[in-house]
Amino acid sequence: MAPNSIHWFRKGLRLHDNPALQEAIRGAGTVRCVYFLDPWFAGSSSVGVNRWRFLLQCLEDLDANLRKLNSRLFVIRGQPANVFPRLFKEWKISRLTFEYDSEPFGKERDAAIKKLAMEAGVEVIVKTSHTLYDLDKIIELNGAQPPLTYKRFQTLISRLDPPEMPVETLSDTLMGRCVTPISEDHGDKYGVPSLEELGFDIEGLPTAVWPGGETEALTRIERHLERKAWVANFERPRMNANSLLASPTGLSPYLRFGCLSCRLFYFKLTDLYRKVKKNSSPPLSLYGQLLWREFFYTAATNNPRFDKMEGNPICVRIPWDKNPEALAKWAEAKTGFPWIDAIMTQLRQEGWIHHLARHAVACFLTRGDLWISWEEGMKVFEELLLDADWSVNAGSWMWLSCSSFFQQFFHCYCPVGFGRRTDPNGDFIRRYLPILRGFPAKYIYDPWNAPESVQAAAKCIIGVHYPKPMVHHAEASRLNIERMKQIYQQLSRYRGLGLLASVPSTNGNGNGGMMAYSPGEQQPGTNNNNNNSHLPGVSGSSVAAGNGSGSILLNFDNEEQTRPSSAGQQQQRLQPLPQQQQQQQQQQQQQHGRSHSAGYHSVPDTNQTITSSRLYHEFAVPQHPGLLLHTRGITGKRERESEREGSGEKDPTSCSVHKMQRQSAETT
Amino acid sequence: MKRMKGGEEDSNSSPSNSPSEACKKVRKQTGEESEAVVASGSLDSDWARLPQELLLHIFQYLPLLDRAYASQVCRRWNQAFHMPELWRCFEFELNQPASSYLKATHPDLIKQIIKRHSNHLQYVSFKVDSSTESAEAACDILSQLVNCSLKTLGLISTARPSFMEVPKSHFISALTVVFVNSKSLSSLKIDDTPVDDPSLKVLVANNSDTLKLLKMSSCPHVSPAGILCVADQCHGLRELALNYHLLSDELLLALSSEKHVHLEHLRIDVVSENPGQHFHTIKKSSWDAMVRHSPKFNLVMYFFLYEDEFGPFFNEEIPVTHLYFGRSVSKEVLGRVGLHCPRLVELVVCANGLRPLDEELIRIAKHCTQLSAIGLGECEVSCSAFVEFVKMCGRRLSQLSIMEEVLIPDHKYSLDEIHWEVSKHLGRVWFPDMMPTWCRFVTSVSRRCLQRSRQLPGCTRKVRAPLA
């Protein structure tokens, strides 16, 4: 008997280039395409209405396209782990296919489902098509560690074979004799729900700027390429006032939901380049956008705490301020900086903002002005941003807040000047903040500086109709740049006056890709043997070994982690001393001659173990971060899950079921 | 020094164990041994007989927490835990759960330190989160440090400048307790605090012979006269950080007096309080005196000004070594930097207008012969001018951090070629800094980009006809 298949859609909401879906059909008697959605979770999830709408539109489009092949989409209300066993039985399933999910949390969910399927005697076929490459291969090529700089990543990529070609789009021919049994009441039972059904209030909801679905995605990619062909410009497009607005050729949300195959995009770009540039082979930079995405997926795939500062081995600990009021002002577009507020308004209304606009608001929230944790900003983006993917979102936030990837931190976007340079006339601001419409271009980026007469003429008094700026930018940047410098100086053990030399990777020759990412670090709390940073000779040599390598970051981590790991409850009673760190650093400097200090070095009292000159510089280094560690093998992805674990869930399987529930509730 | 060498050997001999693990093992072993010993009739284990010196040596490499555990092993170890040598340096972390992600030093520990170890403290810092509560707690501790003699003191706000929220009188009285009791304070970091002139006088009266470092950026209650008094009296001062409004010709002359040791590091923050603010100028003769007196001193200047506030700066030669422009700075000012900063070592420009900085960079390469580090953010430079700049500076450019967007391709170099060309001149592999594009899959016909190709002489980038 020909097998009966289920294809399980999560991301990859498309019929083109969908290898797992093809596997479902190959030689099968029946196929059913399912999508799991838990209406009871929808309203409470952290995902905003724009993202839900986009998803539902994708599903509707999928259903419509399947109908053309005499098939339908089955939207299953419930949780995969609960429902699959019943479906297997009811539909006499012998094959389950789905697209590979590289994110730690998805891997865990899929492993559980695989187990379920195997128990039910169902064959499981998984295919990679959300990323261009097999991420594990990249990691393997890098010595079992994910590359931590984009440059290194590019080097690795260039050594790999090009991505596989997209597979054929699902068609009647491909379907062959494979059919989808559809019941009379399919619509009632398995139809795509509406936003109201999910509990969203859609009154006054403006029409979507970004309509979801594969059909739209394919239209857009053609338009996108036509435009590129017309400009014949394959370089990075420069930013201007127009590029701030949603474009009918924008593709990022479609790639996020997999309405568009990244491989299709990749090969269309290649073809176009060859055509225009007369067969010269395309440079890697042509695929920049796709490769950045791939880079963050690679960095995140084995790091379940990629979206956290605590316990995340690649994240620099920065003593961010906790300030819910300031955070709310930022998220609700009430900072008093029109440039920032206009961007945040656009984000909330439309679900998309230009990547440089993302840089601007992210910098403002974190290292630039408010000094608030990137995790908070990431959560807001997760709610509002259509293309926010767990890996890419967290990775970008770490990048922009200079929390990882050995980023130069000197460059802060000015919340006044950056916008003015991009859109001197201020049309973007007038569009999203109509209250400021009356201000002349001269003052529209800093309306608080406008004379009263100008404010009166604009019918907008600053402090009454529009808020005053919430921070003094010059003062805030002075403080923040100093703090970043000190944090980075501790990382790089650099003691000089230079700002640029404080970043570890720039001490070397720019190929800081050799960065260590200790495998032991992946389970914080397993007090592994590498944690010997308190023994200066040992950790010192690892610093010396790498040319400005990431082992610096690693040591930094270890310093923080050794202490609490064995401590249990009592850890809160005492705090570590900075002393041994200083000694350690001092010795490292002596041993390896890394002390390029131009600073004051003479030692007042040579009998002191600690020279005062060291202390000067140690003053403002980041402290041992909160010693809380949820260390017990947490692999879950969101906060609530960790709480669950912390609260001592008895049965490990019920735990992962919980996680699965959350996951699918959050639309992937 | 001896101690340190020992430390290395120590660590080399047991490279695989973390201290905490080692500690646990020790505890376990001692437990086992003492059982054995008990069996043989003696209560003393070998571990407890470890010489105090050795214990101290080992303890120095243990984090406080592990030392605390070790102190519970036996009486001798407990004594070792309280040895003064282990309490010379302490960092108080004062954080509130509501305002910080970081844990705070436990109040019981603070009490114990004040009670048993305050006379041992020499190097003390306070790290304080954004809450006023924490800053006040820091002041409370300071006020209790009556019987200690500090060598260094640092008050560090890790988030917002919270010391500024503490009532000034409270802060001043706490600080002066330290000044009066510590007669040999050598370094003091009190940025962003309400320190004032009278309290600096107390500092000078008690610590003028020993003070070597003073960092007090953004202390609004100090006047130029207040800082001048410090410079006049503290002849050993080698590092000083302050805001521009405290900098005066008199101050520079005082620092370059014969009695004064060589200054090593002067850090000036130039911050605009309100737009259109007027800044005073410093005479070239004062800077000259400074350089004559301390030929090797580093002058680090951080600018956070609006473009139109730069009028008083860089009109004459200035011995600045490290320059940081935190906001947009005009081409014109950078042109003046190229002319008047012969000692420049590092230049960082966060932003600039829309016109390329070609001539300015070339001029800087020509005149700033010490320049070894440069960072460019939102600026524009044509690729050929940039290559020329790198060629002129050559291998002395040890830090070259240029955002990819900064480089404008022209007739000579494309973006793909430039890193080879630059690497060649630097003698090492170099790449521009890249920012993630974050899924920006939008192609825009950039007007600016087209305009630019028209502006640049000889630029061949042209708009092609649409594909047939």
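Residues numbered from 1 in each chain as written. Chains lettered and ligands numbered in written order. Predicted model: local features only at pLDDT ≥ 70, side-chain atom pairs only at ≥ 80, totals over all residues. Heavy atoms only, no water.

Caption draft 1: Here's a closer look at the overall build of chain B. On a plain count of helices and strands, chain B comes out with 17 helices and 14 strands. Going through the 468 residues of chain B one by one, you find that 60% of them count as buried. Restricting to contacts in chain B with at least 6 residues of sequence separation, those with at least 24 account for 71%. For chain B, the exposed area adds up to about 18600 Å²; of that, 53% sits on carbon and sulfur atoms. (Helix = DSSP H or I, 4+ residues; strand = E, 2+ residues; numbered from the N terminus. Buried < 20%, exposed > 50% of the residue type's maximum accessible area, 1.4 Å probe, protein only. Contact = heavy atoms within 4.5 Å. Areas by Shrake-Rupley, 256 points an atom, 1.4 Å probe, with all protein chains shown as cover.)

Caption draft 2: Structural detail: the sheet that holds strand β5 (residues 123–127) of chain A. Residues and elements named next belong to chain A. Strand order in this open sheet of five strands is β3-β2-β1-β4-β5, and the pairing throughout is parallel. Every other strand in the sheet has two partners, leaving β3 (73–77) and β5 as the edge strands with one partner each. Each neighbouring strand pair of the sheet contributes to a mean axis angle of 30 degrees, computed without reference to strand direction. Of the strands in this sheet, β1 (4–9), β2 (30–37), β3 and β4 (95–99) touch helix α4 (residues 80–90), which is tilted by about 160 degrees from β1. (Pairing = 2+ DSSP bridges. Axes fitted to C-alpha atoms, helices over the stretch in contact; angles between N-to-C directions.)

Caption draft 3: Broad picture of the nonpolar core. Counting residues in each nonpolar core, the largest one holds 289 residues, and the members touching the most others are A:W330, B:F126, B:L153, B:L323, B:F325 and B:F386. When residues no more than four places from it in sequence are discounted, the contact partners of B:L323 are B:M301, B:F303, B:F314, B:V337, B:C341, B:L344, B:E346, B:L347 and B:V348. Counting 19 residues, the second largest nonpolar core, distinct from the first, contains A:V83, A:L96, A:I113 and A:V122. (Core = buried A, V, L, I, M, F, W, Y, C linked by side-chain atoms within 4.5 Å.)

Caption draft 4: Local environment of the sheet that holds strand β9 (residues 322–328) of chain B. Residue and element names in this part refer to chain B. Reading across the sheet, the 12 strands line up as β1-β2-β3-β4-β5-β6-β7-β8-β9-β10-β11-β13 and stay open at both edges, with parallel pairing between neighbours. At either margin of the open sheet sits one strand with a lone partner, and together these are β1 (89–94) and β13 (399–402). Neighbour to neighbour, the strand axes of the sheet diverge by 10 degrees on average, direction disregarded. Taken together, the three bridges between strand β3 (residues 152–157) and strand β4 (residues 187–189) define a ladder with parallel strand orientation. Within β4, the residue paired with L153 across the bridge is L188.

Caption draft 5: The UniProt feature "binding site: FAD" (unreviewed entry) in chain A, seen in detail. The UniProt feature table records "binding site: FAD" (unreviewed entry) at A:Q289, A:L290, A:L291, A:W292, A:R293, A:E294, A:F295, A:F296, A:D387, A:A388 and A:D389. Its location among the elements puts A:W292 in helix α13 (residues 288–300). Given a relative accessible area of 3%, A:W292 falls into the buried group. Ignoring sequence-local partners within four residues, the contact set of A:W292 consists of A:Y150, A:W399, B:M434, B:M435, B:P436 and B:T437. Mapped onto the elements, A:E294 comes out in helix α13. Those residues in contact with A:E294 that sit more than four places away from it in its chain are A:T131, A:L132, A:Y133, A:L135 and A:F153. In this structure the side chain of A:E294 is engaged in a polar contact, spanning 2.6 Å, whose partner is the backbone nitrogen of A:L132. (UniProt positions renumbered as here; feature names shortened; annotations may be inferred. Polar contact = N/O pair within 3.5 Å; in protein donor to acceptor, adjacent residues only side chain to side chain.)

Caption draft 6: Molecular detail of the side chain of A:N65. Residues and elements named next belong to chain A. Relative to the assigned elements, N65 resides in helix α3 (residues 49–67). Side-chain polar atoms of N65 contact the side chain of K68, separated by 3.1 Å. There is a polar contact of 3.4 Å between the side chain of N65 and the side chain of T215. Residues in contact with N65, not counting those within four places in the same chain, are L15, E214 and T215.

Caption draft 7: The state of the cysteines, seen in detail. All told, the structure shown has zero disulfides over all chains when counted by the stated rule. Here A:C259 is not disulfide-linked; the sulfur of A:C58 is the nearest cysteine sulfur, at 3.3 Å. Here A:C259 falls in the buried class, since its relative accessible area comes to 0%. Here B:C148 stays free of any disulfide, with the sulfur of B:C89 as its closest cysteine sulfur at 13 Å. Look at B:C148 and you get buried, because its relative accessible area is 3%. (Disulfide = S-S within 2.5 Å.)

Caption draft 8: Examining the environment of A:E23 more closely. Residue and element names in this part refer to chain A. Structurally, E23 is set in helix α1 (residues 19–25). Judged by its relative accessible area of 15%, E23 is buried. When the C-alpha positions of E23 and E197 are compared, they lie 33 Å apart, and in sequence the two are 174 residues distant. Apart from the residues within four sequence positions on either side, E23 is in contact with R95, T97, I125 and K127.

Caption draft 9: Highlighting the pattern of salt bridges. Within the structure shown, the criterion is met by 41 salt bridges over all chains. One salt bridge in this structure joins A:R430 and A:D427, with 3.4 Å as the shortest N-O distance. Taken together, the residues span about one helical turn, with A:R430 and A:D427 both in helix α20 (residues 427–432) at a distance of three residues. Of the charged contacts in the structure, one is a salt bridge between B:K331 and B:E359, with a shortest N-O distance of 3.5 Å. In this pair, B:K331 is assigned in helix α13 (residues 331–340) and B:E359 in helix α14 (residues 358–367), connecting sequence segments 28 residues apart. The class of B:K331 is buried, set by a relative accessible area of 13%. A single network of salt bridges, built from pairs that share partners, joins A:E475, A:R478, A:E482, B:D192, B:R267 and B:D269. (Salt bridge = Lys/Arg side-chain N within 4 Å of Asp/Glu carboxyl O.)

Caption draft 10: Fine view of the packing of α14(B) against helix α15 (residues 383–393) of chain B. All names here are of chain B. The N-to-C vectors of α14 and α15 enclose an angle of 5 degrees; their axes lie 9 Å apart at closest approach. It follows from the interaxial angle that α14 and α15 lie roughly parallel. Residues D358, L361, I362, A365 and K366 of α14 pack against A385, E388, F389, M392 and C393 of α15. Among the residues forming the contact of α14 with α15, the class breakdown is seven nonpolar, no polar and three charged. (Parallel < 35°, antiparallel > 145°, perpendicular 65-115°, else oblique. Nonpolar A, V, L, I, M, F, W, Y, C, P; charged D, E, K, R; others polar.)

Caption draft 11: Just the confidence of the model for chain B, in detail. Residues and elements named next belong to chain B. Across chain B, the average pLDDT comes to 83, with 84% of residues at or above 70. Counted against residues more than four places away or in other chains, residues 1–42, with its pLDDT under 50, gives 61 contacts. For residues 439–468, every residue scores under 50 in pLDDT, and the model assigns this stretch 70 contacts once sequence neighbours within four places are set aside. Quick note on the complex model: pTM equals 0.80, ipTM equals 0.82. (pLDDT = per-residue confidence, 0-100.)

Caption draft 12: Focus on the confidence of the model for chain A. Scored by pLDDT, chain A has a mean of 77; 73% of the residues are at 70 or more. This model gives residues 506–668 of chain A a pLDDT under 50, and the stretch forms 411 contacts once residues within four places in sequence are excluded.

Caption draft 13: Looking closely at helix α15 (residues 338–350) of chain A. All names here are of chain A. Over its 13 residues, α15 extends 18 Å from the first C-alpha to the last, a length consistent with the 18 Å expected when each residue adds 1.5 Å. Buried residues dominate α15, accounting for 11 of its 13 residues. Every buried residue belonging to α15 is among P338, W339, I340, D341, A342, I343, M344, T345, Q346, L347 and E350, and all of these are buried. Along its buried surface, α15 packs onto α3, α14 (324–331), α16 (355–368), α17 (374–384), α19 (417–422) and α20. (Expected span 1.5 Å × (residues − 1).)

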